[in-house]
Structure formats: structure tokens, C-alpha cells
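Chain by chain, the residues run as shown.
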Amino acid sequence: MRNSRIKVFITISCLVMMVLSCSTPVVRKSTPTVPPEAVLTEAPTAEIPTEAPVVETPTEEPTAATGIPLEASQVYQGNFAKYSQAEVSLPAEFLGGYSLPVNLDGVEIPEPISLTEGQKQALSANGFVVAAPVYPTDELFTEFYQGYEVTRYTDIPVFVTTDSIFHVYHLVFDKMLRDLERSFFIPTLKELTTTMLAATTAQYQQLKGGPLEEAALRNVAYFSVAATLLQTGDAILPEASQLVTAEVALINGAAGAAISPIWQHEGQAPDLVLIEDYSQYTPRGHYTLSPELEMYFRAMMWYGRLTFRLKDTQEIQRALLVTQAARQAVSTQGTSALVLWQRIYDPTVFIVGKADDLGIYEYGAVSDAVYGPNPDLASFADPNLLQVFLATARELPAPQVNSMWVWIWQDQDDVTQGFRFMGQRFTLDQYVFGQVMWRNVGTISEPRDLPKALDFFAAQGSDLALNLLREMGEDKYENYETQMAKVSQEVAQLGLDSWTQNLYWSWLYALQPVFAQKDAAYPAFMQTDAWARKDLQTALSSWTELKHDTILYAKQVMAEMGGGPGEPPPHGYVEPNPEAYARLLALVEMTYSGLSSRGILDQNTQVNLNNLQDEIAFFLDISQRELTGGTITEDDYYRIKYFGGWLEMMTIASADSGGELGAKSYLEDQKSPVVADVATGIDRVLEEGVGYPARIYVVLPDAPYRVGVGMVYTYYEFIVPPSERMTDEAWRGLLEAGTAPAQPEWTETFIVK
């Protein structure tokens, strides 16, 4: 069933990206019958029917009609920035180095380093070991730079990790997003909301007494909710106040699933009553840092989650009215509503991706084709034109990630396709999760209602991730292996254009060399199974930071440098992962050019990206020299020695000043652990967490052999109820109290007490 929809645009890559350049008409195949095992993705928690509704006469819909063929160029927008990656040179075989196990008697272990017997055994066997962080303790490193700074005034060689440089990109990315939201998106969203509220109010007054009166009133209520959440000060129409009050109470309560007051209307079929998961409105990620960001989070979640479904006639009419208002209204400052909408939507397409649901661009194109560019609003009630609109809109893609309540007998595509004002974005990881969860995997008596993060990495070709999943017993679920093979093949067919279409996807692409199996081109310690697991933890942790930073936009299935030259610097080492550095460098350059092209690159972000670009270029260069036996100069070693100072500088530069009224200073209590919920199951939510960084000890592979010290991520995965979606503050509290869940068992291979 789902597979047939994917074939609408040939493959998943066509659906997400290639449609932008397609010149053939947009065509959609007929909908196959959904099997009776289909079930909801979001789980009931409050104020919802305890039994399945009795389905009586379906909501009246226009009879079938022939749609109007549209070219893709009439519907979709073009790309935002180019991606350009440097070439990488790897040797056929790493020259020199030691063989494993390594005899520690011939390895210099600087005196400040103290290892347990278990850690020494792992260091000898694998050439490296990660020291398990101990909770609770006052000796934790709250940020990566602190671990490196401790070694700066000693003769301990520094080991620069891939973890640390990806962590810096997270800091810069999250700071960039916070600054964009405060400086551009929040003021624009307030102006847009005020403008749309005025426009829909005018529509209501015009349509009052006619067949579209109720549809128009509910649109007034819809934008009044956002205005209330954003505290714009706009007056609420008395006729809409009751709906607005009820909806805002549910949003602020964030208790769980309940019927949406604005979406429920008289004559609606019982199984079409829209049930929303209000626990999603709990501010998370960096949106807990200030009241203004919390307001923005709730308002954007409201605009991003609620669907005006094609299955419901009134919702179609409401979406047409909203689209028309957005394309015609002008703010009191003289800016069109569409331009205001584009100022938020278009940059976030570049950052995260295109909306998974239909929006203003798509509905505008179909509306123009059916009703003409300047329709009489009353024509939206014409049943004959409405059936043509419906048939045409049905040719467009259905959402590929379901975040809505769906009853077990319903065709998921049929009941979820529709319009969202500022829809949440399609991301590949959420698509993969949906393919290996119930409905697709498991049975009605034993559903696989939550994925594991490892699923996404297995789908990208990680044999280690797939084997770990099998060891955990995930393959016991019916159809798991079949679905994993299917989605793995789809992911394998994605081309460079798909992987680099925006910053989110390019971040995923940069992580692929991190968890790729290392061969003879790399030092012995990087060829071990233990290192492969360490690499997988690195990729999972950086991905968790990505999910944390973009939690609002991505759709969920259901510096003081100190010191100076003196004694010759200790010979440190950069983790030789040149392909990862090349892709991360291209991502940084893409970030810079994309923001600059839209005129939203501020000075702080510009400096941060320039500094990061310079450092990654150095790592790319030196890691290739390390692998090929090239010369490492004394200046190179000094730069490695003072890496901790650079990290500290970048951490401070990526912190908030705390100057915003009511805001927390991001450096005042700077802590690296973050958490993000990534999937909603049956009355439970999957959380991904990054803990405090841990020390890694590596026997460096260039003679004389010595132990170098660096910092790496720690990774967690656990489940909570929907009403307890985790904030960063709550997660850090669990870690510091020593009550956090244990790390995955598979990390015990390389993390040793």
C-alpha cells in the first residue's frame, strides 16, 4: 500500500527532491484498499472516545471528477544553495603503526593519566578505551572543551575526535537557528499572524449568512489561537472566542490526545473527528531558553501539525479560503502575507526541508487551475468546482510521514492528505521509522509501535546496526526483515542531489563516513569492532543533536586561549576521518552560502562559520597526511595542542548573551547533554539523549607510541509517556542525580569503568 504511493514519483528521492526538476505532469495512481490491520500512529491519552465510533453516513463529498493536469514547475519551488565537496585521498594501506593487541610496556602513558585494570586491558586489546562517566559527581566535564583544556597545560598528547568537531557544528547550527528565530522568524510570524487574522475576519464578514460562514469562522478561530499564543494583542472575534479558549487551554495543558474543538463540526463523520496529540506542544530543545521562544514553539507547532484534510469538505473550503487570504492580504506595514510566509518557510526549507504535507504553493497552483487566479470567495462553495479541485489535489503526493490519529480501518493516505499552513518537514529518518513500525511491521496483537535509532543507520547500510537490532530481538516482529530490506534499497538509490538538498540531509550525509567500516587504510585501532561501535555512538549522538536542534520543524512519526610557545608541543593526533571532514566542510560552506543568498547571515554566524570552516579544512588536510605518512610540522602540533582553546572560543561564540528579557544565558550554565523525542507510539514516546562527554584514551599510531587523550559523546535511548516528553533541563537533572537510564549494552565493548 505505502509502496504504491512511493512509486508516484518513481522512488522516495523523486518524491522528496527530483520532483523539483521534473517537467512531466504530476500524476497520482489510484488508491489500493488498505488492509484491516492498519492502525493509528499516535496514541490515545485524554478526552478521546474509548470505543471505536459508529460510522454512519460518510461526510458528503463531491462525486468523482477528472482533475486538471499540472506541471511540477507550476507547483514546486527550486533549490536554495549548492553543495561542493573536496576530493579525499586515502592510501591503499596505512603505513606504520602497531598491531593488536599492543603491549603497554612499550607505550608511554603520561603520569597524570590513571587507568583501571579493566581500562588497561581494553586499551591493550583495542588500542583505545573510553572511560565511563560516573554519576553523580562534581568532576564531570559539562562541555567538550573542558576535557581538552585540562590537558593543555600538561605534556599529554591531544587526540582530536570527530565527536568534538561535529559537536561544534551542532553548537553553531543551534545558535544560528536561535538567532534567526529571534531576529527574523518571530517578528515575521507575529506580523503574518496579525495579517492573516485580519484577512480571515474580513472573509468571515463577507461570507456571513452564506454556506461558507462556518468555515470562515473556524479560520478566524485558527489564526486567533496563534495570535493568542504569540501574544500579538489582536482582538478575538466574539463569535470565535469559545473555540479559541478551548483550543488554547488544550495547547497550554499539553496533556495528550484530545479532540480539536476548532476541527470538530456538526455533521462530521465520527471517524473523521480530528484528534490531536497536545503533548507535542510541550516546549523542548532550545525553546525552553526564553518565554519568547516558548511562545514561538507553540505557535509554529500549531501551524505545523493541524491538517485541513481533503477527506472533509469543510476543511477543503477552509484551506482554499486560507490560501486565498495568504495570497491577497497585505500587512499594515505594507508587506504581503505571502511574502511574510515565504520569509519563514523558504529559509526553513533550506535548513530542514520541504513540508511533508500540501501547502500554499500546492493549493495555490490547484486553486488557480480550477477557480482562476482571482476567484469569487463564494465559488468555493460550488459543488461542481469543488469536485474538480478535489480530483486535482488528489493527484498530488500524500504525506510520507504520518503524525496524525488514524483509525485501524482507514486508508492512511486517504485520510491524512491535505493542507497545512506551515507544515512540518519531511525527513528521511522519520520516513525510515515509519516503514519499520506498525502498520508496516508487527501484528495487531504484537505491534512494533516504536522504532530504534539504529533502524535508521541500518537502513543506510550499517551491518553493525542491523546485527545489533537482531541481537536485541527486533527481527522477531512480523515483516521486519522484509520492510528493512525494502527501505534499505530505497535509501541506497538516493543520489547526491537528494542527500545534499538542505542542511538537515547534508548533516546526515556527513555522518555516513563516521559509521562506515574502516579498512586497511586506517590505523589498527580504527579497524576493530570496538571502534566501529564507538563510531556508531558518535553518529547516533550527532544525529540526536540534529534532532534536538530541529525538533520544532521536523515532522515526527507519530574564550581565553591562554599559554604560549615554550617547550616543543607534545605530538598530538587528529582522528583520521578525512571523508567525514570533507562532507562536514561542504556542509559548513553550504550553510554560509545559503544564508548569505537570502540576506539572513548575521555577523556572529558569519564569524562562527568562517572559524569552523578554517578548522575543518585543517583537519581534512592533516588527517590525509597522517594516513599517507606525510610530514606533520611543529606548527601543526601546536595547533592540535591548543584545540581546547579553540573549542572554548567556539562554545562561547555559540552561546546566548542572556540579554533577552527573561532569557537564560546559554553559557552561564553551559552543558552539552541534550535530548529529543523522535517517535510516538502507543501511549509512549521514544527519546534519544546525549550525555556528558567522556574521555577517550588512544594509543597513537605514530612512533614513539604514546597515549593521547580526547573527548567523545555518550549516547542514550529510552522511553517515556507522552505527557513526560523530556526537556534538556529535566534530562540533565536525571544524569546529575545518577538516575538516568543505562547506556545501550552494546557500548560496553569500548566504554569501561
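Position labels on residues start from 1 in each chain and follow its written sequence. Reporting in this predicted model follows two pLDDT cut-offs: at least 70 for local features of residues, and 80 or more for side-chain atom pairs to be given and counted; totals over whole chains, interfaces and linings ignore these cut-offs and use all residues. As a rule here, side-chain values come from all non-hydrogen atoms in the structure, and water together with hydrogens is ignored.

J.: So what's going on with the pairing of strand E1 (residues 128-131)? Residues and values would help.
T.: Partly exposed residues are those whose accessible area sits between 20% and 50% of the maximum for their type, while under 20% is buried and over 50% is exposed, using a 1.4 Å probe and protein chains only. To qualify as a helix, a DSSP run of H or I must reach at least 4 residues; to qualify as a strand, a run of E must reach at least 2; elements of each kind are numbered from the N terminus. With burial as the criterion, each face of E1 is covered, one bearing Phe128 and Val130 and the other bearing Val129 and Ala131. As paired elements, E1 and strand E10 (residues 694-699) share 3 bridges and run antiparallel to each other. By the bridge assignment, Val129 is partnered in E10 with Tyr697. In this structure, E1 lies alongside strand E13 (residues 751-752), joined through 2 bridges in parallel fashion. In this description, strands pair whenever DSSP reports at least two bridges between them.

J.: Give me the lowdown on the environment of Asn126, citing residues and values where you can.
T.: Mapping Asn126 onto the fold places it in helix H3 (residues 117-126). Measuring from C-alpha to C-alpha, the distance between Asn126 and Ser99 comes to 9.6 Å, with 27 residues separating the pair along the chain. Residue contacts are counted whenever heavy atoms from the two residues lie within 4.5 Å of one another. Ignoring any residue separated from it by four or fewer positions in sequence, one finds Asn126 in contact with Leu100, Phe525, Thr528, Ala530 and Thr749.

J.: A description of helix H23 (residues 634-641) should follow, citing residues and the corresponding values.
T.: Here H23 has its buried residues at Asp636, Tyr637, Tyr638, Ile640 and Lys641. Each element contacted by the buried residues of H23 is listed here: helix H4 (144-152), strand E2 (159-160), strand E7 (573-574), helix H22 (603-628) and helix H24 (643-653).

J.: So what about the pattern of salt bridges? Which residues, and what values?
T.: Only one rule defines a salt bridge in this text: a Lys or Arg side-chain nitrogen within 4 Å of an Asp or Glu carboxyl oxygen. Across all of its chains, the model carries 35 salt bridges by this definition. The salt bridge involving Asp163 is made with Lys534; its shortest N-O contact spans 3.3 Å. Residue Asp163 is located in helix H5 (residues 162-207), and its partner Lys534 is located in helix H20 (residues 529-549); the two are separated by 371 residues in the primary sequence. Judged by relative accessible area, which is 0%, Lys534 ranks as buried. Via salt bridges that share partners, Asp174, Lys175, Arg178, Asp179, Arg182 and Asp656 belong to a single interconnected network.

J.: Describe the sheet that holds strand E9 (residues 685-690), with residues and values.
T.: Taken in spatial order, the 3 strands line up as E8-E9-E12 in an open sheet, and their pairing is antiparallel. A strand with exactly one partner marks an edge of an open sheet, and here the two such strands are strand E8 (674-680) and strand E12 (715-720). Across this sheet, the average inter-strand angle for adjacent strands is 25°, counted without regard to direction. Strand direction decides the pairing type here: E8 and E9, joined by 6 bridges, are antiparallel. Simply put, an axis is a line fit to the C-alpha atoms, just over the touching stretch for a helix, and the angle between two N-to-C directions goes from 0 to 180 degrees.

J.: Now, about the packing of H5 against H22: what can you tell me, with residues and values included?
T.: Their axes nearest at 10 Å, the elements H5 and H22 cross at an angle of 165°. With respect to H22, the axis of H5 lies roughly antiparallel. Pair H5 / H22 crosses with left-handed handedness. On the side of H5, the interface is formed by Ile165, Val168, Tyr169, Val172, Lys175, Met176 and Asp179, while H22 contributes Asn604, Thr605, Asn608, Leu609, Leu612, Glu615, Ile616 and Phe619. Side-chain classes are defined by residue name, with Ala, Val, Leu, Ile, Met, Phe, Trp, Tyr, Cys and Pro counting as nonpolar, Asp, Glu, Lys and Arg as charged, and the others, Gly among them, as polar. Split by residue class, the contact of H5 with H22 holds 9 nonpolar, 3 polar and 3 charged. Throughout, the term roughly parallel applies to angles under 35 degrees, roughly antiparallel to angles over 145, roughly perpendicular to angles from 65 to 115, and oblique to all others. Definitions for this section: a left-handed crossing has its near helix turned counterclockwise from the far helix by less than a right angle. A right-handed crossing has that turn clockwise.

J.: Give me the lowdown on the packing of aromatic side chains, citing residues and values where you can.
T.: Classification of ring pairs rests on two measures: the distance between centres of Phe, Tyr or Trp rings, Trp counted by its six-membered ring, which must be within 6.5 Å, and the angle between planes, read as stacked under 30 degrees, edge-to-face over 60 and tilted in between. Under the counting rule described, the total for this entry stands at 49 aromatic pairs. Relative to Phe308, the ring of Trp263 has its centre 5.0 Å away and its plane inclined at 65°; by these criteria the two rings are edge-to-face. With Trp263 in the loop between strand E3 (257-259) and strand E4 (275-277) and Phe308 in strand E5 (residues 308-309), this residue pair connects regions lying 45 residues apart in the sequence. Every member of this aromatic cluster is reached through a ring pair, and the members are Tyr222, Phe223, Trp263, Trp302, Tyr303, Phe308, Tyr363, Tyr371, Phe380, Phe389, Phe419 and Phe421. One cation-aromatic arrangement involves Arg318 over Trp263; the distance from NZ or CZ to the ring centre is 4.2 Å. Consider the ring centre and the ring normal. A charge sits over the ring if Lys NZ or Arg CZ is within 6 Å of that centre and within 35 degrees of that normal. The aromatic ring of Trp531 is capped on one face by Lys534, whose charged end is 4.4 Å from the ring centroid.

J.: Before we move on, could you go through the packing of helix H19 (residues 503-515) against helix H21 (residues 578-597) and cite the residues and values that matter?
T.: Two elements in contact, H19 and H21, have axes whose closest approach is 7 Å; the angle formed by their N-to-C orientations is 165°. On the basis of their axis angle, the class for H19 and H21 is roughly antiparallel. Considering the relative orientation of H19 and H21, their crossing is left-handed. For the pair H19 and H21, the contacting residues are Leu503, Ser506, Trp507, Tyr509, Ala510, Gln512, Pro513 and Val514 in the first and Glu579, Ala580, Arg583, Leu584, Leu587, Met590 and Thr591 in the second. A class-by-class count of the residues in the contact of H19 with H21 yields 10 nonpolar, 3 polar and 2 charged.

J.: A description of unusual backbone geometry should follow, citing residues and the corresponding values.
T.: Following Leu100, the chain continues to Pro101 via a peptide bond in cis, the omega torsion being 0°. Checked against the element boundaries, Pro101 lands in the loop between helix H2 (12-16) and H3. Going from Ala703 to Pro704, the amide bond is cis rather than trans, its omega being -5°. Tracing the backbone shows Pro704 in the loop between E10 and strand E11 (707-712). Backbone geometry at Gln231 places phi at a positive 55°, although glycine is not the residue there. As for its placement among the helices and strands, Gln231 is situated in the loop between helix H6 (213-230) and helix H7 (241-253). Phi at Ala254 is positive, roughly 50°, even though this residue is not glycine. For Ala254, a relative accessible area of 11% corresponds to the buried category.

J.: Give me the lowdown on H20, citing residues and values where you can.
T.: With 21 residues, H20 extends 30 Å between its outermost C-alpha atoms, agreeing within 8% with the 30 Å of an ideal straight helix rising 1.5 Å per residue. In terms of residue burial, H20 counts as a mostly covered element, since 20 of its 21 residues are buried. How far a helix is expected to stretch is found by multiplying one less than its residue total by 1.5 Å.

J.: Mind laying out the sheet that holds E13, listing which residues take part and the relevant values?
T.: The sheet built from 4 strands is open, its strands ordered E11-E10-E1-E13 with mixed pairing. Two strands lie at the open edges of the sheet, namely E11 and E13, each paired on one side alone. Most of the contacts of H3 go to E1, to which it runs at about 145°, and overall it touches E1, E10, E11 and E13.

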